[in-house]
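Residue strings, one per chain:
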Amino acid sequence: MCGIVGYVGKREVAPLLVEGLRRLEYRGYDSAGIAVLNENGLQSCKKMGRIDALAAELKKTKLKGHAGISHTRWATHGEPSDLNAHPHMDQSGRIAVVHNGVIENFQKLKEKLEKEGHVFTSQTDTEVLAHWIGVKYQKAMKSTNNGRLPIVSAVEEALRDVVGTYGIAVICADFPDVVVGARRGSPLVIGVGKGENFLASDVSAMIAQTRDVIYLKDYELAVLKPGGFDVYSMTSQQPTVQVSRVEWSADAAEKGDFPHFMLKEIFEQPQTIQNAVRGRINHEECTAVLGGLNLSATQLRAVDRIILMACGTSWHAALVGEYLFEELAGIPTEVEYASEFRYRNAPIEKNTIVFAITQSGETADTLAALRESKRKGHTTLAICNVVGSTIAREADGGVYLHAGPEIGVASTKAFISQITALVLLALYMGRLRSLSAALGKKIIEELELIPSKIEKILSQSGEINKIAFKYKASKDFLFLGRQSNFPIALEGALKLKEISYVHAEGYPAAEMKHGPIALIDKDTPTVIVAPRGNIYDKLMSNLEEVKARKGPVIAVATEGDEAIAKKADDVIYVPSTLEQLQPLLTIIPLQLFAYHFAVALGCDVDKPRNLAKSVTVE
Ligand code: AGP
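What this report covers is the structure whose coordinates are included nearby. These figures come from a predicted structure and were not determined experimentally. (Residues numbered from 1 in each chain as written. Predicted model: local features only at pLDDT ≥ 70, side-chain atom pairs only at ≥ 80, totals over all residues. Heavy atoms only, no water.)

The helix and strand tally for the chain stands at 20 helices and 26 strands. Here the chain has a C-alpha radius of gyration of 26 Å; the compact-globule value for 618 residues is 25 Å, and the two agree. Principal-axis analysis of the C-alpha atoms gives the chain an extent of 80 × 55 × 45 Å. Out of the 618 residues belonging to the chain, those deemed buried represent 61%. Within the chain, contacts between residues separated by at least 24 positions form 71% of all contacts whose residues are at least 6 apart in sequence. Carbon and sulfur atoms provide 51% of the accessible area of the chain, an area that totals close to 23700 Å². If you average the places of the 70 positive and of the 73 negative side-chain charges in the chain, the two averages end up 2 Å apart. (Helix = DSSP H or I, 4+ residues; strand = E, 2+ residues; numbered from the N terminus. Rg over C-alpha atoms; globule rule 2.2 N^0.38 Å. Buried < 20%, exposed > 50% of the residue type's maximum accessible area, 1.4 Å probe, protein only. Contact = heavy atoms within 4.5 Å. Areas by Shrake-Rupley, 256 points an atom, 1.4 Å probe, with all protein chains shown as cover. Lys, Arg positive; Asp, Glu negative; His and termini not counted. Charge placed at Lys NZ, Arg CZ, Asp CG, Glu CD.)

Near the ligand, the surroundings consist of 14 residues, among which Ser 314, Thr 358, Ser 360, Thr 363 and Glu 498 are the closest. Thr 363 has a polar side-chain atom sitting 2.5 Å from an oxygen atom of the ligand. At 2.8 Å from an oxygen atom of the ligand is found a main-chain nitrogen or oxygen belonging to Ser 411. Within the complex, the protein chains bury 91% of what would otherwise be the 410 Å² of accessible surface of the ligand. The element contributing the most residues to the shell around the ligand is helix H10 (residues 312–329), with 3 residues. Taken together, the residues of the shell around the ligand sort by class into 4 nonpolar, 8 polar and 2 charged. (Near = heavy atom within 4 Å. Polar contact = N/O pair within 3.5 Å; in protein donor to acceptor, adjacent residues only side chain to side chain. Nonpolar A, V, L, I, M, F, W, Y, C, P; charged D, E, K, R; others polar.)

A few words on the packing of helix H15 (residues 437–458) against helix H20 (residues 583–600). At a minimum axis distance of 10 Å, the contact between H15 and H20 shows a crossing angle of 25 degrees. Between H15 and H20, the interaxial angle falls into the category roughly parallel. The chirality of how H15 crosses H20 is right-handed. Along its contact with H15, which presents Leu 447, Ile 450, Lys 453, Ile 454, Ile 457 and Leu 458, the element H20 presents Leu 584, Leu 585, Ile 588, Pro 589 and Leu 592. (Axes fitted to C-alpha atoms, helices over the stretch in contact; angles between N-to-C directions. Parallel < 35°, antiparallel > 145°, perpendicular 65-115°, else oblique. Left-handed = near helix turned anticlockwise from the far one by under 90°.)

With that settled, consider the environment of Pro 87. By the secondary structure assignment, Pro 87 is in the loop between strand S4 (67–73) and strand S5 (88–89). Pro 87 gets classed as buried once you look at its relative accessible area, which sits at 1%. Spatially, the C-alpha atom of Pro 87 lies 7.3 Å from that of Lys 46, the residues being 41 residues apart in sequence. Setting aside residues up to four positions removed in sequence, Pro 87 forms contacts with Gly 33, Ile 34, Ala 35, Lys 46, Ile 69, Ala 96, Val 97 and Val 98.

Tallying each qualifying case throughout the model produces 34 salt bridges. The salt bridge involving Glu 336 is made with Arg 344; its shortest N-O contact spans 2.7 Å. (Salt bridge = Lys/Arg side-chain N within 4 Å of Asp/Glu carboxyl O.)

Turning our eyes to something else, we now look at the sheet that holds strand S9 (residues 189–192). Hydrogen bonds between backbone groups are what pair the strands of a sheet, and the pairing can be parallel or antiparallel. The strand order across the open sheet formed by 8 strands is S3-S2-S4-S1-S10-S9-S11-S14, and the pairing between neighbours is antiparallel. A strand with exactly one partner marks an edge of an open sheet, and here the two such strands are strand S3 (41–48) and strand S14 (244–245). Two strands pair when backbone bridges link them, and strand S11 (residues 212–215) and S14 are joined in this way by 2 bridges, in the antiparallel orientation. Each bridged residue has a counterpart across the sheet, and for Asp 212 the counterpart in S14 is Arg 245. Packed onto the sheet, helix H2 (residues 51–61) meets strand S2 (31–38), S3 and S4 and runs at close to 140 degrees relative to S3. (Pairing = 2+ DSSP bridges.)

The N-to-C vectors of helix H1 (residues 13–24) and H2 enclose an angle of 170 degrees; their axes lie 10 Å apart at closest approach. As far as their axial angle goes, H2 and H1 are roughly antiparallel. Facing Val 18, Leu 21 and Arg 22 of H1, the residues of H2 in contact are Ile 51, Asp 52, Leu 54, Ala 55 and Leu 58. Class assignment of the residues belonging to the contact of H1 with H2 gives a composition of 6 nonpolar, no polar and 2 charged.

So this is what it looks like as structure tokens:
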């Protein structure tokens, strides 16, 4: 996700835009830029790097004006660079656009424009949108536009051709006191001032200037002028313009309704899965569409082994991937700790693909293991969240997560996103081999239901908080699971220990009797991930083994399973789904349990002691 800020009024615009961007930096921070309107027309300044880099540049260029737009970027198309930074101009250089979202049909639009002689300077979908608006503007200048400004009609007509999501702000040199905004799928808010008005991705960007805001709805356009604003709808609906009063502090506004980024990101996960899946499903052929692998179908069919290497939470996602590739694609798969793999001299045949799974794309051990694999001539792919990060750039290809910045040190939405990417990859490679269209269709149907199923689990956050509080005095936990819920047990244990500093271990449930069962007593709760499945009865036996030693049991179970409630001390229910997709659901209660437990202990959930968001050293 990216951050957008717009302003029109009497004050100097550049300082207001930069300050607003600083409040949105958590939404994206790989590059930033502004465009302003003044007696010289439209001027812009944009810079790769954090907002400080832009501010330093502005000290030199001193852009003046009383209307403008600005953007801090989270790259989706085109890696972070000065050229890919927003704002982007149309062909004439008289219209500037900033955009948060993904234009799925931008290639098609770009090809049409290039045929008409348009020249692009960036790799972004946003620049294509700017040129498309410019073309519509030329037409709008020759008609009445129902009394609307030509630039407003041009924005509306251009957006009608767009497939995808957008929150945009637009300015035009011909209208020096107008800022146009529009949204579909990405947030946009008007800030109502006295003799001035603001536009931003969220209220935190303008809360220092005004607390009176209007939350735009999808398909609405806003036209801001110093003395007022208009809101239009692109549908037949009349827009409902309601001014709300924001009571939050500026810092709280960045987290929205949430006290911590980690909780915000846990609750973002339904949207996270939609972002990871968007534009990547071929319903007709019951397969996935993954454009960035840079490998042909023939090359992918020739793959006879997969290595998944990662660290931490990403390593747990790799373990889930192992089950997925073996079950759906029939490809022998193994998982490696990157920190170990980088030093082993593992014999790897030529038809092996080495995947690096990483949220940040900068983890030192994962990067070193990737470079070692490339040095030996192996094909490397990255499953990564940060576009243009080192690992993403050095791998031969890969899949971006599109999860947006993950601020909380404890990884949650990135983990879900990694598993979703692995499902898509296993589906895609399976459908190139022996996976049936029928099963492929069922996987897709179930995957598209997962976001609403996660919503149902999230609605139990209050109940899970009570369970966490009940066990807040516990110092040791066991987490148990089997098959693809074994990695979920590991991830649940990691979440708990890294934000609450209590001891927690994850085990394959069957391993209990090989030693860990000695740890069980009345003060050692066991979390058992036991959804219905082909080895449910075995998990029930493990649950009994724990109860026989007076160990408290918290179970994650399938909705409707009343039998388990008779045995476990506490149960958190998840909706049923395909066994291959269960990890996307069973991890949610464990994320919430860890979060509430750590809050109950008064821990710093977003910045836990001793940890860093990205471990860029050995
Ligand atoms: C997970 O909650 C931790 N923050 C940590 O284990 C993390 O997953 C690990 O450092 C790998 O980071 P990466 O995904 O950015 O490579």
